[in-house]
Amino acid sequence: MTDTEARADLVARAADAGARVALESFREELTVETKADKTDVVTQIDRDAQRRVVETIHEEYDDPVIGEEEGASKTIPEEGPAWVVDPIDGTNNFVRGLRIWGTSVASVVDGEPVAAATVLPALADTYLAGAERVTLNGDPVRVSSREDSDAFVVDPILLDDAADTAGVDVLAERFGDYRRLGCAQATLAAVASGSLDAAITTVRMHPWDTIAGAHMIHNAGGTVTDLDGEPWRHDSRGLVASNGAAHDEVLAAARRAAGE
């Protein structure tokens, strides 16, 4: 087994371990705390799930872990290996009893992803990406083959507060429809598997919200750029992801949504 294959195997096991911890408390009574604002919530289950993920990783690798909750670094090293963890992406959905939430783990080397997993346990869906292909519950998946952007379904993951309503209006007018899943990694995985045609954010998101899904979209044949149309990185401003067939049109809409 190569090192990349070993890391792909571990991201799958670590994400599954964290997801199992979270699922045990799903739709149970929870104490909910807020962080940056009233919709930025966290629970003890987030912390417990992250702890389980980190324990699973450190059973085999003594690499740095970048994660959302306390106890983990917040910065991805430019050199060497590291792991990026979101123990419950979509915590707002989790605490409301909605099923679209999950645990994501990515392995990065020199700042670039080499393997990723997103486990959505309440939906019984597991997305995995190694060096090349992407699978959903063990079956290979690809981005959608849709070329007519008028029929695209696009997810506005996160828009600037000042332009939020206007940005959604831009997408609603330009494309066939839009969905807002409330879970960034589930959204990006849906683009990778062809369930959604594109997704955008006009702000700089945290690496634990994006790296796993962006890696999946690349491997599934899609395109991921920043708002300037440059290849996306974990520290990019904005994220524009699509099946690649009409990326320029999605990019133009994203820039309009950002007020540019």
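Residues numbered from 1 in each chain as written. Predicted model: local features only at pLDDT ≥ 70, side-chain atom pairs only at ≥ 80, totals over all residues. Heavy atoms only, no water.

Asks: Please clarify how the sheet that holds strand E12 (residues 198–201) should be interpreted in this entry.
Replies: Across a sheet, paired strands are connected by hydrogen bonds in the backbone, their directions being either parallel or antiparallel. With mixed pairing, 5 strands are arranged side by side in an open sheet as E11-E10-E12-E14-E13. Only two strands of the sheet have a single neighbouring strand rather than two, namely strand E11 (177–178) and strand E13 (223–225). One ladder, built from 4 bridges, connects strand E10 (residues 153–158) with E12; its direction is parallel. Across the sheet, Asp-155 pairs through a bridge with Ala-199, a residue of E12. (Pairing = 2+ DSSP bridges. Helix = DSSP H or I, 4+ residues; strand = E, 2+ residues; numbered from the N terminus.)

Asks: Is there a simple way to explain empty space enclosed by the protein in this structure?
Replies: Here the idea is plain: a probe the size of a water molecule rolls over the atoms and shows the empty space left. On inspection of all chains with the given rule, the structure shows 1 cavity of 30 Å³ or more. Every residue along the wall of the largest cavity is listed here: Thr-201, Val-203, Arg-204, Met-205, Thr-210, Trp-232, Arg-233, His-234, Ser-236, Gly-238 and Leu-239. (1 Å grid on protein atoms, 1.4 Å probe; cavity = no way out; pocket = protein on both sides within 12 Å on 5 of 7 lines; lining within 4 Å. Points joined across faces, edges and corners; volume = space filled by probe spheres on them.)

Asks: Explain the UniProt feature "binding site: Mg(2+)" (unreviewed entry) in the chain to me, please; I cannot follow it from the model alone.
Replies: In the UniProt entry, the feature "binding site: Mg(2+)" (unreviewed entry) is given for Glu-68, Asp-86, Ile-88, Asp-89 and Asp-209. Judged by maximum C-alpha separation, these annotated positions cover 142 residues in sequence but sit close together in space, the widest gap being only 9.9 Å. Within the secondary structure, Asp-86 sits in strand E4 (residues 81–89). Secondary-structure assignment places Asp-209 in helix H6 (residues 207–219). For Asp-209, a relative accessible area of 11% puts it in the buried group. Sequence-distant contacts of Asp-209, defined by excluding residues within four places in its chain, comprise Asp-86, Asp-89, Ala-184, Gln-185 and Leu-188. (UniProt positions renumbered as here; feature names shortened; annotations may be inferred. Buried < 20%, exposed > 50% of the residue type's maximum accessible area, 1.4 Å probe, protein only. Contact = heavy atoms within 4.5 Å.)

Asks: Quick question: what am I supposed to make of the packing of aromatic side chains here?
Replies: Aromatic rings considered in pairs are described by the distance between their centres and by the relative angle of their planes. Going through the model one piece at a time under the given rule, you end up with 5 aromatic pairs. Here Phe-94 and Trp-101 contribute two aromatic rings whose centre-to-centre distance is 4.8 Å and whose plane-to-plane angle is 85 degrees, an arrangement assigned as edge-to-face. Owing to a relative accessible area of 1%, Phe-94 belongs among the buried residues under this scheme. For Trp-101, a relative accessible area of 0% corresponds to the buried category. The rings of Phe-26, Phe-94 and Trp-101 are connected pair by pair, giving a single aromatic cluster. Against the face of Tyr-61 rests Arg-7, its NZ or CZ located 4.3 Å from the ring centre. (Phe/Tyr/Trp six-rings, centres within 6.5 Å; stacked < 30°, edge-to-face > 60°. Lys NZ or Arg CZ within 6 Å of the ring centre and 35° of its normal.)

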